[in-house]
Amino acid sequence: MSMDVTFLGTGAAYPSPTRGASALVLRCEGECWLFDCGEGTQTQLMKSQLKAGVPPGPAYGKLKNGISVVLENGVTISPQDVLKKPIVGRKICILGDCSGVVDDGGVKLCFEADLLVHEATLDDTQMDKAKEHGHSTPQMAAAFAKLCQAKRLVLTHFSQRYKPAALAREGEADAIVGLKRQAESVLDLQEVALAEDFMVISIPIKK
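Sequence order as written defines residue numbering, which begins from 1 separately in each chain. Since the coordinates come from a predicted model, pLDDT governs what is reported: local features require at least 70, and pairs of side-chain atoms require 80 or more to be given and counted, while whole-chain, interface and lining totals use all residues. Just so you know, side-chain values use all the structure's heavy atoms and leave hydrogens and water out.

Per an unreviewed UniProt entry, the protein chain is named ELAC1, and its organism is Cervus elaphus hippelaphus.

Written out as structure tokens, the structure is:
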């Protein structure tokens, strides 16, 4: 059962020539869920590699929920006849436009998340400005990831001043890489990813 996250846009506020406005798609079993849908997302969706899936039918859903079904020809199919052992779930938490401390409920929901996607609009030197506008910094995102014991942190929703490393001119790449370093310093150098437009991250099944 595949599951992945596609970042359609990773910029704060508005689209720019280097980043689409913040938006991401969680894809699982042919279904797509769109989160934090910013301006221009439809255009980004058309540029992406995402394909529409066909959802399983009602009989499939009943079997997955442990209910036997009777086919049109009168044959009864039990869940144990067709289903494999249950798969351990995966947890993905997406936090956008959040400043300050998330309450205990948020920590509980994101505890031991397989993937935590957290906005980091401005760098740590601009923490007061970030909070004033309802945003976070890499340090704030990493502190929450550490509190939740998240297995992987991906930063997104960057101010348009931070160009993607691949598109940055000389000297500009240091700014976006600096956000990554700020978060990693809080997480004892656990690797942190910086989202880019059209990046796809797979969330593997737990062994």
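Picking up where we left off.
(A) View of unusual backbone geometry. Even without a glycine there, the phi angle at His157 is positive, about 65°. Note on conventions: DSSP H or I runs of at least 4 residues are helices, E runs of at least 2 residues are strands, and numbering of each starts at the N terminus. As for its placement among the helices and strands, His157 is situated in the loop between strand E8 (153–156) and helix H7 (173–186). On the accessibility criterion, His157 (5% relative accessible area) is buried. Even without being glycine, Asp188 reaches a positive phi, approximately 55°. Assignment of secondary structure puts Asp188 in the loop between H7 and strand E9 (192–194). Between buried and exposed lies partly exposed: a residue is buried under 20% and exposed over 50% of the maximum accessible area for its type, with that area taken using a 1.4 Å probe on protein chains only. The exposure class of Asp188 is exposed, given its relative accessible area of 60%.

(B) Local environment of helix H6 (residues 138–148). Every buried residue belonging to H6 is among Pro138, Met140, Ala141, Ala142, Phe144, Ala145 and Cys148, and all of these are buried. Two residues or fewer after H6 comes Gln149, characterised by a positive phi angle close to 55°.

(C) Focus on the nonpolar core. By nonpolar core is meant a set of buried Ala, Val, Leu, Ile, Met, Phe, Trp, Tyr and Cys residues that side-chain atoms within 4.5 Å join together. The biggest cluster of nonpolar side chains holds 27 residues, and the ones touching the most others in it are Leu95, Leu116, Phe144, Leu153, Leu155 and Phe158. When residues of this core are traced back to their parent elements, those giving at least two are strand E6 (92–95), helix H4 (104–110), H6, E8, H7 and E9. Per element, the largest residue contribution to this core is five residues, and it comes from H6. Should any heavy atoms of two residues lie within 4.5 Å, those residues are counted as being in contact. Residue contacts for Leu116: discarding those within four places in its chain leaves Cys93, Leu95, Phe144, Ala145, Ala150, Arg152, Leu153 and Val154. Phe7, Leu115, Ala193 and Ala195 belong to the second largest nonpolar core, which has 14 residues in total.

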